[in-house]
Structure formats: structure tokens, C-alpha cells
There are 2 protein chains.
Amino acid sequence: MERLPGFRDFYPEPLPQPGLWSADARHFIFEQWRATARRYGFREYDGPPLEALELFTTKSGEEILGQLYNFTDKGQREVSLRPEMTPTLARMIAAHERSYKKPIKWFALPQLFRYERQQKGRLREHFQFNADILGEGDPGADAELIALLIDTLRSFGLTAEDFVVRLSSRDAWHEFLSEHPGERAAELSFYQIIDKLEREGPESSGPKLAALGLSLEQVNAFIQQAKPTAQLQQILDNLEARGLREYAKVDYGVVRGLAYYTGVVFEAFDRHGEFRAIAGGGRYDNLVKLISHGKVNLPALGFGMGDVVLLELLKARGRLPQFDSSLDAFCLIEDPGLRGASLKLIHDLRGAGLAVDYSLTPAKSDKQFKRAQELNAACALRLDRSPTGEWLVRIKNLKTREEKSVAPAQAAAQVRAFGGHSK
Amino acid sequence: MERLPGFRDFYPEPLPQPGLWSADARHFIFEQWRATARRYGFREYDGPPLEALELFTTKSGEEILGQLYNFTDKGQREVSLRPEMTPTLARMIAAHERSYKKPIKWFALPQLFRYERQQKGRLREHFQFNADILGEGDPGADAELIALLIDTLRSFGLTAEDFVVRLSSRDAWHEFLSEHPGERAAELSFYQIIDKLEREGPESSGPKLAALGLSLEQVNAFIQQAKPTAQLQQILDNLEARGLREYAKVDYGVVRGLAYYTGVVFEAFDRHGEFRAIAGGGRYDNLVKLISHGKVNLPALGFGMGDVVLLELLKARGRLPQFDSSLDAFCLIEDPGLRGASLKLIHDLRGAGLAVDYSLTPAKSDKQFKRAQELNAACALRLDRSPTGEWLVRIKNLKTREEKSVAPAQAAAQVRAFGGHSK
């Protein structure tokens, strides 16, 4: 039996063959996401992977509507696997807004789903780091969020040579539209044309702009002048104070396709332009009000960073560590009469926080030792008796080949001294 | 807009009102699950939350069939949100069995789904710690897995006063059936009657057993003698060697309702009998063969432990820690002229691994200090100038009220010395 097209299995390393997805790499990415968010004072939340369909259709642009993984459930409800996290966040905040002091700084690591016509290698799910700030309209919040985005990528060892955050503003484009004659009502259609400008090229975008009474020349001239709005300048100054200025630039070619963005928008890209956007986000000051049917009104902004492009980039830049079993010790049980006492030793070492494995059944010494090496354990150890009849643990550092014999009570400390993985 | 019935939102602590689910408690439980599995040498894997329906219908008993969260997708595929993890594991192993050395020790923390007629408070999803050993038929594997189950619960501070693992064996029941006249073909129906014996009582179970040509007296007599099979005795001896004997007992009243179990089965219960089973599992030596259509044949066993009953139990026994923002420091910015330099300080402290927050916009001193206390930050700190014009960081331990002033380069170390949360 096969898994569904567009879905992924995650296997432990070393991977059986190229092209499979690594559970260890996924965990590594999740842990960096969590750790950076926590350093920034963001708190974790989560919602259901399945929501009422209308939660997503109320507020999204057409971009997302054709891609929903929606269906009718057994109770005749119209439901959808979540394509993005922001509507769920807005729903959750609206339900308990008064109980949380502002600004609210929250993050989540949801799995998101979409259903498009299957293209070769195109995934129907991915994981996304979502971080949002609610209840603060000042550009200081935008800067804090963008700094989190930058530091998240830096936490993986990526530098200003590797990526850049392109800052833009719906307000600037709004002003552009008010200064240029055209079809004002079609603002969202216009943003979607700009959003695709780089990917689709002038042949496709030119006529679409013309249909709105605008020209490619006007648009390109506006993008090229790249004069920061007052808000963007505040954000750049704030990033400068933190020492992060080199990671950001103003670029009005970014505009984001979703309907609900209201002010500053941004996307992170690799500097070589090899990959799709690493992350994207912006202000959505009206969304909480919309989702809560006017009950709660909070300025808000957030970003999402997917696991797939990030993983590709980390691989390409050599920023993924080698993953193995992270085993501190493998216990050899050579004498069957020592199995019981060895199980106790193993249990005590695990109780002391070490990762320890052993052969579940009797096996030849060299087979056990080979297994310890295959698992890349830091140490091999075995229980023994001293000449005076006391228990001894003989420990071998599998990297340096150094050996030590210690009393069982000292075994955990000696494994740590030999550089076991666990702290 | 509301979330779907039977699904949960997870909020950061402190929770706005009782009855909400805590994202911090969930994370705490996941981390303990992961840490214990790793100490036992288990490796993490994951599969898709959505699978082809036939993956679950091929091998499950009727118990699960009526409860599937299944639907037809946009491509006219019959699919289902996963009700359990074992079929996905068997599918993944069957696809790459030769690449992994045996025994394979893997774990996962999937979210699982079911769709029953909605009962008050009944959930349609939960998270489950799944641990499995594949490729080892010896009872030493059963003992290793049951020891992991016991140590997982012990890692939460639960003791032998709190829970017990009830061990049983399909083999023993199989022998019982061969010694008692009855309808041999109805073995699964029989197990499902036994599985429900405690919940449904003699009035319901008696007639059902009679229909199979068996009596409640025969069944009760068999359960009460509780004589361990040779395999169960091996497992008990193995647990004894580890010092875990008191956590297990033989109890043939446990039999598990699923069709695919073949040998030893077990369930963990709280000693007071207040809650549903905390965890359950057993051997399923034929499942991998069934899922792989005979291609791969591996003995296997595993257990699942849900987050909901565990959380109820931990709450009832006072074993959940207090959760807060885990903030190491809150930076006060009293002089607007120091905002830029303070942002740099905050950035450096975060870069040193500390969790730091601050007011995103200018605010009165006492309001900032109040916020630091609300967030339960370990320290409050602020940037200042020494009389000789050098930068100083004034740090206050918010628990002891102790204060120290240090150079910016020493600030992270001083916050740690004051007992910040981050190590």
C-alpha cells in the first residue's frame, strides 16, 4: 500500500535512500524555530488541523480558494484541512482577547494542507513556523517580528550572504494607485499581478496591467525608486540599532497575494535567487475584526516560514548537521549470566539521563560491538567483576578508543566525560 | 466563528478560563515522551495524517471501522484521517525494511482522529505517544517496550502507587478457547466481549458469551487464576531485573479489542480506577506481512499512550508543573534616547540564548515594570551610564529583589547567576 500523492513520510537517519524525508532534520528545524521564538518572548499555541470551511473563505483572496483541501464531513459540515494558520489564530484570539495582555506574541508550528491538481513533486502539505504579534500598531512591532524572522534564519548558520528580507508596503502601493489613473476597485487583482511579476514576466503581466488602466513602465518605475515610506524607515532604523540592517532592503516588487494584508509586507529570499520565498508575512490589521464579526478589533502582523524551502536552502549551503542515533552508550552483554545485572545497569544509566541501547537477545560479542558502531554510540560498555568480586563497568570511548573501568555508580559520569551526546 | 466540535485549541498559560487546553502542558508532555524514548534508543518517525482508507480497513477489527474520520477527496480517492499510527508504521517499514538493521526501535507523536456520533465532551482527536519494536520475536523485546512504558509514566513523577501495567496474552486466551468447547471461528468477537467485560458488566457480557457457547463462570475462573504463561514470566523476570517489577501484574481481563494483536497484550491503568486506560499495546506479529501483501514479514509490538487521560491523571495527582512565560529578563526602556542601545542589548542577550522581552513602544516606567512581573520574568534590567560615561546594565532579581550593575558583556552571565530559566 502506498501513501497518498503529495504527502510525506519522515524516516530516522541515516536515510535508506536519497529523496526520502528525514524525521531528524524536521525535528532539528522545529527545535531551532521554537528556541528562537522563545528567546524573543513568543509563546506557543496550536489549533485544530481541520476547521469549518467558512473560516478560510470569509477572508482569503482567490489565490487560496481554489487550493483548499476541503470536503463534507459525516455530519454534513463543510470543512477544510487548514491551508494557513492566521484565521485560526484570529478565531482563538477573538474568543479570549480580554484575558491576554497586549501585545500578544504567539507562535505555532502547524502542518498546513492544500489541494491543487497534482504536479510532479508538488507537495500537498508542509509545516510552517508562524509567528504573530497582536495588539500593537506601531512599526516597533513590525521590526520586532522581522528581527525574529532574521534571527531564526541566522540560528541555522545562514548569513547576510545567504538571504535577504525584502520589505514593502501596501500603503506605498495604495498611494501609487491613488496617483495613477486606473481601476481603483481592482486593488486586490492589482496586488496579485505585482505579486507574480517576477515569476510571470512582462508578456503576461503587461496586458493584465493594461486591463486595469496601468502600464508596466509606471509599475517598474515605482518599484525601482524604492523610496522607503516613513514606517519602513522606522523599521530599517530599528533593525540597524540591533545590528541587523544588512539583512533587509526595501523592495516594492514584494506585495503578497493574500487579500487581508493592510500595511507593511515582506518576504525572505535566498540571495542567489535559486529558491522560492523562504518566508513571508505582513500586517493584517482588519482580519481579527472580520473573523470575530466586529466583536474584537486588534492590529496584527505575522509571518510564516515553511519547512520545505528552508530545508532545501540549508542543504544547499551545507548548514544541516549530521544526524545519527545520538546514543551515549551501547551496553555489551557477553556473559548470559550477566544479563539481569546488565539490565539494571542500563536502567540506571537511562535513569541518569543517558541514551543507552543493547542487544535484546544473546548475540556474539563481535556482532554486539558491530551494532554499537553502526548506531554510532559514543561509548561501548560492559559489566564485569573486579578480581576482588566487585562490580565494574568497563567503558570504551568509541572515537578515541580510550578505556576506563569504574564502579557502576560512576558509570554515567564517565560516559559523560567521554563526551556522550546527552548533557 | 467556532471551532469544529470535538477539536481542541491549545492556549499559552496562564489559561484565560478553566476548561481550556494548555499548549504548555502539551509541550511538556511531548518533551517527556521524546526524552524517555531517546534514552531507550528509540528513533522518531512520522507519516501523513491522511492515508488511503484501505490502509485502515484491511487490518482493523469492527471496533475501529465505525469510527473512522473518512471522506472522498477531490480526486475521488477514499481517504481517512489516521485513527491510529500502527498501519502507517507497517507501511513505512515494509517500504524500506532492508535498509534498517533489526531490531527497529521507533517512536512517533501523531495526532489521531475518529468520527463517532458526538457525545458531550467526547473528543474527535488526540495526540498519542507510539513506540514500537520491529524484527524481534523474543520476550526480551516485550520487556524492553513495557519498561519504556513504565519509565515514561515515571518520568512524570508517577509511582507504583499511581499506576500499574496489566499484562495479558492472546496465546493464553487462545489456549483457553482450545480447552473449552465453543465457536472457535468467533475468536475476535470473543476478545471484544472480554475487552468490554469490566465496562459492560455481566448482564451484557453473559448472553454474548453464551451465544459463543461459553459461560461467564468459565471466563472469570480463567481470569482469576492469572497464571503467567512462560512468555509473561520471562517479561516479569526481565522487569524484576530492572527494578520495575512492582509496576506490572498479570491480568487476563485485559485482551485489547483490535483484530491484529497476536501474543502479549497490556494496558496501563491508574491504581484508583478513576480513569480510562492510560496506555495499551501488544504484539502484532502478522500485521507488517498483511500490510505489505506478504512482501515483508517481521515480528512486531508496540504501544500507544494518549495525551488526554495522561493529562487528567497528572492534574489529579498534582504532577503538572506551573507554566509561565519562562522569560529570563524584561528590559525596561525608560529614557526614549536609550531605545536604540537597549535594542542592541536585548539582541545580544537573546543571541546569548536568553529569553528577553521589552515594551515595543515607549511606556511609563511603572507600567513596564508591571509587565515584567505579569510575565513572571526572572529579572528586570535596564541600560544606564556610569558616572564615568560607560554603559552599565542594572539587573534586578525579581524574586529576591537583589540588584547588580554590570558591564553589558557580563549581563547575560549575571542574569543566569540570578537564576534565569534558560541554561
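Bear in mind the structure is a predicted one, so any value in this text is a computation, not a measurement.

Next up on the list: the sheet that holds strand β6 (residues 78–81) of chain A. Residue and element names in this part refer to chain A. The three strands lie next to each other as β4-β6-β5, forming an open sheet whose pairing is antiparallel. The open sheet is flanked by β4 (50–52) and β5 (69–72), the only strands paired with a single partner. Averaged over all neighbouring strand pairs, the angle between strand axes comes to 35°, with direction disregarded. In terms of strand pairing, β4 meets β6 through three bridges, oriented antiparallel. From the neighbouring strand, Ala52 faces β6, where its bridge partner is Val79.

Time to look at the interface of chain B and chain A. On the chain A side, the residues contacting the 70 residues of chain B number 70 residues. With five residues, the single largest contributor to the side of chain B that touches chain A is helix α13 (residues 339–351) of chain B. Residue composition of the side of chain B that touches chain A, grouped by class: 31 nonpolar, 15 polar and 24 charged.

Here we come to unusual backbone geometry. Of note, the amide linkage connecting Lys102 of chain A to Pro103 of chain A takes the cis form, showing an omega dihedral of -5°. The amide bond that connects Glu13 of chain B to the next residue, Pro14 of chain B, takes the cis arrangement and shows omega of -5°. Phi at Ser326 of chain A takes a positive value of approximately 55°, unusual for a residue other than glycine. Structurally, the position occupied by Ser326 of chain A is in the loop between α12 (307–316) and β15 (329–332). The phi torsion at Ala226 of chain B lies on the positive side, around 50°, for a residue other than glycine. Here Ala226 of chain B shows up in the loop between α9 (216–225) and α10 (230–242).

In sheet architecture, strand pairing relies on hydrogen bonds along the backbone and comes in two forms, parallel and antiparallel. Residues and elements named next belong to chain B. What the three strands build is an open sheet, ordered β4-β6-β5; its pairing is antiparallel. With partners counted over all chains shown, the strands left at the sheet margins are β4 (50–52) and β5 (69–72), one partner each. Taking each pair of neighbouring strands and ignoring which way they run, the sheet shows an average axis angle of 35°.

Our focus in this paragraph is the domain arrangement of chain A. Parsing chain A into structural domains produces domain 1 (10–316) and domain 2 (329–417). The C-alpha-based centres of domain 1 of chain A and domain 2 of chain A are spaced at 50 Å.

Superposition record for chain B on chain A: RMSD 0.0 Å, screw rotation 180°, translation along axis 0.0 Å. Look at the turn and shift together and you get a two-fold axis relating the two. Looking at the rotation axis and the C-alpha trace of chain B, the residue lying nearest is Phe71 of chain B, at 3.7 Å. A share of 100% of interface residues in chain B that are also interface residues in chain A marks the association as one of identical surfaces.

Glancing now at the environment of Trp106 of chain B. With respect to the helices and strands, Trp106 of chain B occurs in strand β7 (residues 104–108). The class for Trp106 of chain B is buried, based on 24 C-beta atoms found within 10 Å. Residues Trp106 of chain B and Leu134 of chain B, spaced 28 residues apart in sequence, show a C-alpha to C-alpha distance of 8.5 Å. Ignoring any residue separated from it by four or fewer positions in sequence, one finds Trp106 of chain B in contact with Pro12 of chain A together with Phe42, Arg43, Tyr45, Leu89 and Asp132 of chain B.

This next bit is on helix α12 (residues 307–316) of chain B. Residues and elements named next belong to chain B. Among all positions of α12, only Asp307, Leu310, Leu313 and Leu314 are buried. The arc enclosing the buried residues of α12, seen along the axis, measures out at 130°, which places them on a common side. Next to the buried residues of α12 lie α1 (23–39), β9 (125–134), β12 (264–270) and β14 (300–306). Remark: Gly318 follows α12 within two positions and exhibits a positive phi of approximately 65°.

About the criteria used
Residues numbered from 1 in each chain as written. Chains lettered and ligands numbered in written order. Predicted model: local features only at pLDDT ≥ 70, side-chain atom pairs only at ≥ 80, totals over all residues. Pairing = 2+ DSSP bridges. Helix = DSSP H or I, 4+ residues; strand = E, 2+ residues; numbered from the N terminus. Axes fitted to C-alpha atoms, helices over the stretch in contact; angles between N-to-C directions. Contact = placed C-beta atoms within 7 Å. Nonpolar A, V, L, I, M, F, W, Y, C, P; charged D, E, K, R; others polar. Domains from an automatic or database assignment. Least-squares fit on C-alpha atoms with pLDDT ≥ 70 in both. Buried ≥ 20, exposed ≤ 12 C-beta atoms within 10 Å, placed from the backbone. Arc of directions from axis to C-beta.

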